[in-house]
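Single-letter residue listing:
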2 protein chains.
Amino acid sequence: MSIRNPKQALYEQFAIVAKALGHPLRLEMIEHLAQGARSVEALAAKLGLPVANISQHLQALRRAGIVSAERDGKFVHYSLADDSVLSAFASVRGVAERQLAEVDRIVRGYFDARDDMRPVTRDELQTLMRDGLVTLIDVRPADEFALGHVPGAINVPLGEVRAWSGSADAVKEVVAYCRGPWCVMSFEAVAALRSLGHAARRLEDGMPEWKAAGLPVEVLA
Amino acid sequence: MSIRNPKQALYEQFAIVAKALGHPLRLEMIEHLAQGARSVEALAAKLGLPVANISQHLQALRRAGIVSAERDGKFVHYSLADDSVLSAFASVRGVAERQLAEVDRIVRGYFDARDDMRPVTRDELQTLMRDGLVTLIDVRPADEFALGHVPGAINVPLGEVRAWSGSADAVKEVVAYCRGPWCVMSFEAVAALRSLGHAARRLEDGMPEWKAAGLPVEVLA
DNA sequence: CCGTCATTCAATTATTCCATTGAATGACGG
DNA sequence: CCGTCATTCAATGGAATAATTGAATGACGG
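Residues numbered from 1 in each chain as written. Chains lettered and ligands numbered in written order. Predicted model: local features only at pLDDT ≥ 70, side-chain atom pairs only at ≥ 80, totals over all residues. Heavy atoms only, no water.

(A) Looking closely at the interface of chain B and chain A. Of the residues lining the interface, 49 residues belong to chain B; the matching set on chain A comes to 49 residues. Note on chain B versus chain A: buried area summed over both sides is about 4300 Å², and carbon and sulfur give 73% of it. Area buried by chain B at its contact with chain A is led by Lys7(B), Tyr11(B) and Phe14(B), which between them contribute 16% of it. Where chain B packs against chain A, one counts 4 salt bridges. Put simply, Asp82(A) and Arg98(B) hold a salt bridge, and the shortest N to O gap is 2.8 Å. Between chain B and chain A we count 14 residue pairs in polar contact (both at pLDDT 80 or more) in total. Broken down by secondary-structure element, the contributors of at least two residues to the side of chain B that touches chain A are α1 (6-21), α2 (24-33), α5 (84-99) and α6 (101-114) of chain B. In terms of residue count, the dominant contributor to the side of chain B that touches chain A is α1(B) (14 residues). Here the residues of the side of chain B that touches chain A are counted per class, giving 28 nonpolar, 10 polar and 11 charged. (Contact = heavy atoms within 4.5 Å. Buried area = accessible area lost by both parts, 1.4 Å probe. Salt bridge = Lys/Arg side-chain N within 4 Å of Asp/Glu carboxyl O. Polar contact = N/O pair within 3.5 Å; in protein donor to acceptor, adjacent residues only side chain to side chain. Helix = DSSP H or I, 4+ residues; strand = E, 2+ residues; numbered from the N terminus. Nonpolar A, V, L, I, M, F, W, Y, C, P; charged D, E, K, R; others polar.)

(B) Representation of the pattern of salt bridges in the model. Here the structure, examined in full by the defined rule, presents 30 salt bridges over all chains. Residues Glu144(A) and Arg179(A) are paired through a salt bridge, measuring 2.8 Å at the closest nitrogen-oxygen approach. Pair noted here: Glu144(A) is in helix α8 (residues 142-146) and Arg179(A) is in the loop between β6 (173-177) and α10 (184-195), with a separation of 35 residues, a long-range link. Each of the two residues, Glu144(A) as well as Arg179(A), counts as buried. For Asp143(B), the salt bridge identified is with Arg38(B), shortest N-O distance 3.4 Å. In this pair, Asp143(B) sits in helix α8 (residues 142-146) while Arg38(B) sits in strand β1 (residues 38-39), placing the two residues 105 residues apart along the sequence. The exposure class of Asp143(B) is partly exposed, given its relative accessible area of 35%. The buried category is assigned to Arg38(B), whose relative accessible area is 7%. One continuous salt-bridge network, built from bridges that share partners, spans Arg38(A), Lys46(A), Asp143(A), Glu144(A) and Arg179(A). (Buried < 20%, exposed > 50% of the residue type's maximum accessible area, 1.4 Å probe, protein only.)

(C) Summary view of the sheet that holds strand β1 (residues 38-39) of chain A. Residues and elements named next belong to chain A. A sheet is described by the order of its strands in space; here 3 strands give the open sequence β1-β3-β2, paired in antiparallel fashion. The outermost strands of the open sheet, each flanked by one partner alone, are β1 and β2 (67-72). Pairing analysis gives 6 bridges linking β2 to strand β3 (residues 75-80), with the strands arranged antiparallel. By the bridge assignment for β3, Asp72 is matched with Phe75. On the sheet, helix α4 (residues 51-63) packs against β2 and β3 and is oriented at approximately 120° with respect to β2. (Pairing = 2+ DSSP bridges. Axes fitted to C-alpha atoms, helices over the stretch in contact; angles between N-to-C directions.)

(D) Quick look at the packing of aromatic side chains. All names here are of chain A. Taken as a whole, this structure holds 14 aromatic pairs over all chains when the rule is applied. An aromatic cluster is present here, built from Tyr110, Phe111, Trp182 and Phe187 joined pairwise through their rings. We note Lys7 situated over the ring of Tyr11; from NZ or CZ to the ring centre the distance is 5.8 Å. (Phe/Tyr/Trp six-rings, centres within 6.5 Å; stacked < 30°, edge-to-face > 60°. Lys NZ or Arg CZ within 6 Å of the ring centre and 35° of its normal.)

(E) Representation of the environment of Pro6(B) in the model. Its place among the elements puts Pro6(B) in helix α1. When the C-alpha positions of Pro6(B) and Leu49(B) are compared, they lie 39 Å apart, and in sequence the two are 43 residues distant. With residues up to four places along the chain from it excluded, the contact list for Pro6(B) reads Ile106(A), Tyr110(A) and Phe111(A).

(F) Just the relation of the copies chain B and chain A, in detail. Least-squares fitting of chain B to chain A yields an RMSD of 0.0 Å, with the transformation described by 0.0 Å of translation along the axis and a rotation of 180°. Here the two chains are linked by the operation of a two-fold rotation axis. A shared binding surface is used by both copies, with 100% of the interface residues of chain B retained as interface residues in chain A. (Least-squares fit on C-alpha atoms with pLDDT ≥ 70 in both.)

(G) Structural context of helix α4 (residues 51-63) of chain B. All names here are of chain B. A rise of 1.5 Å per residue sets the reference length of α4, with its 13 residues, at 18 Å; its end C-alpha atoms lie 18 Å apart and thus fit the reference within 8%. Looking at α4, one finds that the buried residues are Ile54, His57, Leu58, Ala60 and Leu61. Buried residues of α4, seen end-on, are gathered within an arc of 155° and therefore sit on one face of the element. Facing away from the buried side of α4, by more than 90 degrees, are the exposed residues Ala52, Gln56 and Arg63. Just downstream of α4, Gly65 is the residue with a positive phi angle, here 75°. (Expected span 1.5 Å × (residues − 1). Arc of directions from axis to C-beta.)

(H) Examining unusual backbone geometry more closely. All names here are of chain A. In this structure, Asp205 is a non-glycine residue whose phi angle is positive, near 60°. Positionally, Asp205 belongs in the loop between β7 (200-202) and α11 (207-212). By relative accessible area, Asp205 is classed as buried at 18%.

(I) View of the protein's contact with DNA strand D. In the vicinity of DNA strand D there are 19 residues, among which Glu41(A), Ser55(A), Gln59(A), Tyr78(A) and His57(B) approach most closely. Counted by atom, the contact set of DNA strand D within 4 Å of the protein is 83% sugar and phosphate. Taking Ser55(A), its side chain carries an N or O atom lying 2.8 Å from a phosphate oxygen of DNA strand D. Broken down by secondary-structure element, the contributors of at least two residues to the surface near DNA strand D are α3 (40-47), α4 and β3 of chain A together with α4 of chain B. A per-element tally of the surface near DNA strand D places α4(B) first, with 4 residues. In terms of residue class, the surface near DNA strand D is built from 7 nonpolar, 8 polar and 4 charged. (Near = heavy atom within 4 Å.)

Okay, here's the thing in C-alpha cells:
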C-alpha cells in the first residue's frame, strides 16, 4: 500500500465526483433533477426503472456531493446540490461533442434528420418574443413546466403537439424547448410541426441552461 | 437487453468522458498534461509509475477524447485535446470543494497549516507586478517552466527555494505558483519562505488556469 | 538489416461496480 | 399501535476496471 500524500487524497475526492458522473443513467437523473426537486419514486417513474435501483444511484450521487436530499414526511426529495454540477456536465458534454466520432455519428443519424437548422439562441428568442414574432412552446410534461419555465411559453407536452398545432397561430413560427440541448422531445416536436406544414425551430439548450444563464423563470403556484 | 434510444446512446458517450475523469491517477495525469505535451515515458517518470500503466490510462483518456496523441519518431506526445477538459476538471473540483466534508478535512489538516492566508488573485498579481512590489517565483521543475510561465516570473524549483531565498530581495513579498490550485509545491514553498522570515503568499490557481484566463504566457525557445 | 528503445498489447488476478431481489426501516394516517 | 407506503439496506451474481507482468510492435541509428 503506497503512502498517500495530501494531494493524492484530494484527487481521490475529485475522482469520486467525476466517477459519479460516469454513468449514463446517473447523467440522465441529473438532467431530470435539473428541472426541479424530485422524490425517489417520481424519478424512478420518469425513468421507468425500479425504485431500488434509482435509490442506489441517488446515494452514489449524494456521496459525491452532486445531489442533496431533504426529507419531507414519507418522501425524500432530491435536488442538485451545487451549481457547478451543470457546468461540469456541460464541459463533459462539450468534450464528447467535439472529440468523439461516435457522438457525431449519433447526431447525424438521428438529430440532424429532425432539425438540420441552426437552433434559436437565447438572445434571439428574447428579441423574437419581445416583438411577438414567435410562439414559444415548452414540450415537457406539465409537472416540469409547473416547476419553472420561460416566461411567455405555453406548455404543450410532446404528445399533444399535433392536436395543439391545429389551434396554433399559423403565421407565427414556433420555437420549442425542453430539458436540455440533447433532449429528444424538442427535436420530435419540431419534426412533427414541420410535417404539418408549420415553421418551427428549436431553442438551443433547455430550461436548466436558461435558468443558469440568469434569465427570468416563471413558476406556477 | 433494452432498446437504446438516441438520447441514451449520447449519454453513454458523455459517461465515457466522465468515467475517464473518474480516477485519481488520470486526474493527476491531466494536471501534468495541462502544463504541456509529454511523452508516455516522461509522464511516467513525473508520476513515478510503470510506463505500461500510464500507457493504458492514456489510452482510456484518448478513447474519451480528453487527450490527443501525436507521434514523433519513437515518441508519442500526448496533450490535452480540448479546452473544456480543464473547465470540466474545475467544475468537478468545485463540487468536491464545496460539498465533500472529506475535502474540507484534508484542506484543514494539511494546506491551511502551510498557508492560512488568502491567496493572491490573478488581478492582484498583475497590479503588484506592474508596480514592482513582489517577486514572482514559479516553483515547478525547469522543464515545465520552459513550456510556459507567467511573464516576469523566475524559476525556482521547490528544492531550490531555501538556497534561493538567501539571494532574494528581502524587501519584496514573494508570490509563488505552480501547477494548479491544489498543487502542493507552492504551499511548501510558501511555508519554507515564511519559516525563513520571508513574506510570502501563493497565487490562486496555477499555470493552466492563468493560460485559460487568456493571460500572456512566456515560452522559452 | 540488426539492436535498441518507446510504446502498446495480451493475459492474469484482485477489486470495484451494477442490477436485481427481497427484507428492513421509518414515517404517516387511522 | 397497526397497516401502508416511500425509501433504504443487504446479499447475490455477473460485468467492467485496474495494476502487473512479459511479450509484441514499430521506428530510429548504425
